Amino acid sequence: MPEQSNDYRVVVFGAGGVGKSSLVLRFVKGTFRESYIPTIEDTYRQVISCNKNICTLQITDTTGSHQFPAMQRLSISKGHAFILVYSVCSRQSLEELKPIFEVIKELKGPDLSQIPIMLTGNKCDESAELREVSTSEGQAQAAEWGISFMETSAKTNHNVKQLFQELLNLEKSRNVSLNVGGKTNSRVAKDKCELM
Amino acid sequence: MAEVSQLSQDAREFAVRAATIVLRENNCHFLRVDKENFNRILRDVEANTVRLKEHGKDVLILEKITSNTKQVFSSHFKYTVMAGTPQKMLEHLLETRLDGRGAMGGGDNFIIATAQDPFLDDFLLTHIVFLPTHQLIEELDKYYNIDFSNQDKEFVLACKRRVIQFVYRWVTTIRHPVFEDDIAVEFLEDLATALENDIMQFDALQEEASLMHHVMSQLRRYQEDRKAHEGQKWKLPPSGQPISLFSAGNDTNRTIIMPQDDIIFRVYCADHTYCTLRLPVDTTAETIKIVAADKLKIREDELLLVEVKSNGERVVLKDNDISIPTALSINGRIFVSPKDHLDALTCLSEQEEATQGIEGDIEMFGTKELAYYMTLFDWDLFWCVHEYELLYHTFGRHHFGQITANLDVFLRRFNEIQFWVVTEICMIGSLSKRVGVLRKFIKLAAYCREYQNLNAFCAIVMGLSNVAVSRLSNTWDKLPSKFRKLYTEFESMIDPSRNHRAYRVSVGNKTSLDGLVNFEKMHMLAQTMRTIRFCRSRHLVLDPPSPKSEGEVKSYISCLRVIDNQRILTGMSQKLEPRRS
Ligand SMILES: Nc1nc2c(ncn2[C@@H]2O[C@H](COP(=O)(O)OP(=O)(O)OP(=O)(O)O)[C@@H](O)[C@H]2O)c(=O)[nH]1
Ligand SMILES: [Mg+2]
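I will try to describe carefully the structure that is included in this document. (Residues numbered from 1 in each chain as written. Chains lettered and ligands numbered in written order. Predicted model: local features only at pLDDT ≥ 70, side-chain atom pairs only at ≥ 80, totals over all residues. Heavy atoms only, no water.)

The next thing to look at is the packing of aromatic side chains. Aromatic ring pairs are reported here in terms of the distance separating the ring centres and the angle at which the planes meet. With the rule as written, the count across this model stands at 21 aromatic pairs over all chains. Aromatic pair A:Phe101 and A:Trp145: ring centres 4.4 Å apart, planes at 10°, arrangement stacked. A residue pair is termed long-range when its members are at least 10 positions apart, and A:Phe101 in helix α4 (residues 97–108) and A:Trp145 in helix α5 (residues 135–145) qualify at 44 residues. The pair A:Phe101 / A:Trp145 is uniform in exposure class, with both members buried. Ring plane angle 70° and centroid distance 6.2 Å describe the contact between B:Phe123 and B:Phe166, whose orientation is recorded as edge-to-face. Of this pair, B:Phe123 sits in helix α6 (residues 118–130) while B:Phe166 sits in helix α8 (residues 153–174), and the two are 43 residues apart along the sequence. (Phe/Tyr/Trp six-rings, centres within 6.5 Å; stacked < 30°, edge-to-face > 60°. Helix = DSSP H or I, 4+ residues; strand = E, 2+ residues; numbered from the N terminus. Buried < 20%, exposed > 50% of the residue type's maximum accessible area, 1.4 Å probe, protein only.)

Below, the structure written as structure tokens:
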């Protein structure tokens with residue numbers, strides 16, 4: 001079980017190239033880059049509020065490459081919440097989430113309802129011809145696993161902040177929020193992702 | 001009487017040599033021996049020192065080898081080089097230490113004589129300090145391709161012979177650093193081709209052809225071997241464990257870390273977020289800094305790369321330094337920080353704890369077994385260290401642009417063992433158990449000495465003499481007197497004045513004096529390098545102890561739990577046995 005500390009730890013998983021780093025960088029730094037630099041393991045910090053106190057959100061951006069499998073179990077056991085990313089342009093990337101979900105279930109216990117997990121279909125800005133996974137298919141998979149779902153685009157900054165806010169909203173054991181001091185409630189775009 | 005005639009014979013030999021140099025008109029910068037100088041040379045010979053001058057300046061200083069160190073064969077050479085310009089020393093070496101006469105003249109005696117005389121070996125081992133490889137090659141190339149239109153054929157042949165013999169000795173002495181150097185490899189290829197052509201022309205260089213053939217086949221074998229091991233990956237684990245090959249399950253330590261191998265490591269920010277980088281081992285601190293800053297999106301002009309040690313000490317890493325991850329202290333971490341915010345860098349919480357060792361209780365393992373596997377392990381690490389790394393380390397690896405990773409790993413192991421001893425003892429609350437473990441460590445030191453593992457032996461004894469251990473008087477009092485005696489004996493064996501010999505040689509002596517290389521110092525460094533070479537050349541043959549828990553012992557000793565923060569260790573020690581007031 002994760003130790004009690006001031007940190008709220010979110011871990012981002014998914015296959016190589018689906019846009020995990022892009023989502024995290026868009027959220028933390030507000031930037032996006034076209035070039036692809038594979039990740040081994042990076043972390044980021046953001047100040048958030050937790051039970052009306054200031055605390056830090058620590059985001060671990062993991063590798064999607066099969067070259068570096070080692071740290072996965074450690075990050076899962078230390079993590080409080082998880083984002084599972086696939087690319088809507090790759091059915092294979094959705095498939096690759098299955099074993100990761102199994103390990104989370106194994107390490108966090110069969111009842112995952114207390115643990116915030118988001119299934120995220122990224123690159124929803126891509127044209128319809130490139131799409132391999134429809135929104136409803138994504139939704140169905142999330143429902144089967146009993147977790148939440150959202151489509152995002154790191155490129156167009158669609159639903160990125162909302163993704164993290166929704167995730168924190170799922171935390172029931174404490175009141176975590178992106179807004180420090182101010183009011184919560186950023187509106188989540190539930191409408192279909194526009195094509196760019 | 002014999003001594004005098006020998007002396008004058010040497011003087012004649014020398015004069016003849018000087019005369020041949022005058023003949024070489026196209027090299028007009030060479031020595032011109034006028035009558036006055038020549039007489040001076042002879043006079044100096046009487047005074048045991050020969051000074052060779054060029055344009056009124058000393059270029060080579062020789063000293064007569066004193067007869068009390070005389071060996072059977074060393075009488076062949078009466079002079080040893082004390083100082084000189086790099087070019088002059090090379091020239092002297094080629095002309096006096098390498099056989100220009102071919103199969104008829106020199107023969108085995110010459111080879112035996114050179115084996116006894118360290119000048120060639122000293123030069124080969126240390127030339128990179130005063131004559132970088134590309135310059136050495138230039139000189140050799142000049143010497144080999146001497147213009148022979150107006151030269152005696154024998155003289156031309158002698159030059160070629162000497163260069164080939166030199167190259168042969170060079171390659172067999174230095175091995176892989178020569179083959180790793182692109183310029184050197186190109187030179188070898190060209191030389192081999194030139195020699196092939198020369199054989200047709202001169203029909204007299206057969207012996208040299210076979211030496212060169214040997215060199216080239218070594219080169220080919222090396223190149224094949226390198227290809228097979230290309231793209232090795234190493235990792236510096238995040239919790240202070242030793243550097244290891246990335247590919248899991250590979251339990252052989254006998255893998256040399258090469259400059260182009262990748263190493264995976266973390267770079268931290270002041271807020272303890274980090275990025276994981278994968279870069280070649282020979283990456284400069286500056287590049288690491290730039291890559292990390294880009295990944296961490298730090299937009300600051302003046303950044304520093306810093307090691308933060310487990311005691312909070314910050315060491316700023318110079319931009320041109322290389323081998324950064326391998327040279328960290330045991331529980332140290334690399335940070336990147338704006339220049340003005342250095343004060344904000346603090347230890348990670350995991351740095352305040354012990355490094356993550358492999359689970360195991362030292363008391364579970366047989367002492368002899370521990371010593372045995374430690375010796376095998378250390379031996380493999382030692383085997384990977386090239387003599388050159390010692391030079392890079394002493395003079396600063398950034399001067400050479402070369403990594404010291406294998407030496408770093410070996411030195412790190414020494415510290416790991418040392419602090420492991422202190423950590424283990426300071427972690428035991430019960431007095432009687434502590435006495436038992438103290439005893440075990442003394443026994444372990446004894447076994448390591450028996451196995452001739454001086455590295456571990458010294459590390460353990462130094463660990464036991466650490467103040468956090470030595471101040472535990474209740475514990476020492478309960479130790480059987482036999483063990484206390486043994487320990488006192490061990491402690492006296494470690495004479496701190498003999499430590500870091502190479503380093504003191506380098507600091508205490510100037511590398512060059514009045515533009516001349518201080519070759520005496522090179523000789524001293526070469527002695528240390530030869531010791532390394534000698535040790536490595538031996539085979540480690542030990543009888544394995546009866547295997548009880550081989551796998552467990554092996555993995556336990558490969559990754560020890562260590563606190564390397566002296567303040568914490570002393571604090572723990574004081575808690576165990578508070579100071580009596
Ligand atoms: N069109 C589009 N491209 C994206 C999006 N997000 C990321 N990309 C691109 O996809 C490529 C991979 O993005 P990364 O964020 O590096 O992928 P990753 O999941 O972190 O990959 P690993 O670190 O190897 O596991 C990059 O070229 C990005 O520019 C998106 O929302 N839309
Ligand atoms: Mg990534």
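On to the interface of chain B and chain A, then. With 16 residues of chain B in contact, the opposing surface of chain A contributes 14 residues. Interface of chain B and chain A: buried area, both sides summed, is about 1300 Å²; carbon and sulfur atoms make up 48% of it. It is B:Tyr274, B:Lys295 and B:Lys297 in chain B that bury the most area against chain A; as a group they hold 39% of the surface buried on that side. Where chain B meets chain A, there are 2 salt bridges. Counting the contacts that link chain B with chain A gives 8 residue pairs in polar contact (both at pLDDT 80 or more). Elements with a minimum of two residues in the side of chain B that touches chain A: β6 (262–268), β7 (274–280) and α12 (285–296) of chain B. Broken down by element, the residue count for the side of chain B that touches chain A peaks at 5 residues, all from β7(B). Here the side of chain B that touches chain A is built from residues that sort into 6 nonpolar, 3 polar and 7 charged. (Contact = heavy atoms within 4.5 Å. Buried area = accessible area lost by both parts, 1.4 Å probe. Salt bridge = Lys/Arg side-chain N within 4 Å of Asp/Glu carboxyl O. Polar contact = N/O pair within 3.5 Å; in protein donor to acceptor, adjacent residues only side chain to side chain. Nonpolar A, V, L, I, M, F, W, Y, C, P; charged D, E, K, R; others polar.)

Below, the discussion takes up the coordination of the magnesium ion (ligand 2). Residue and element names in this part refer to chain A. Protein-derived ligands of the magnesium ion (ligand 2) are Ser-21 (OG) and Thr-39 (OG1), with the metal-ligand distances lying across 1.9 to 2.0 Å. Taken together, the positions of Ser-21 in helix α1 (residues 20–29) and Thr-39 in the loop between α1 and β2 (41–50) put the pair 18 residues apart, joining distant regions of the chain. On the accessibility criterion, Ser-21 (17% relative accessible area) is buried. (Donors = N, O, S within 2.8 Å, 3.2 Å for Na, K, Ca; no water.)

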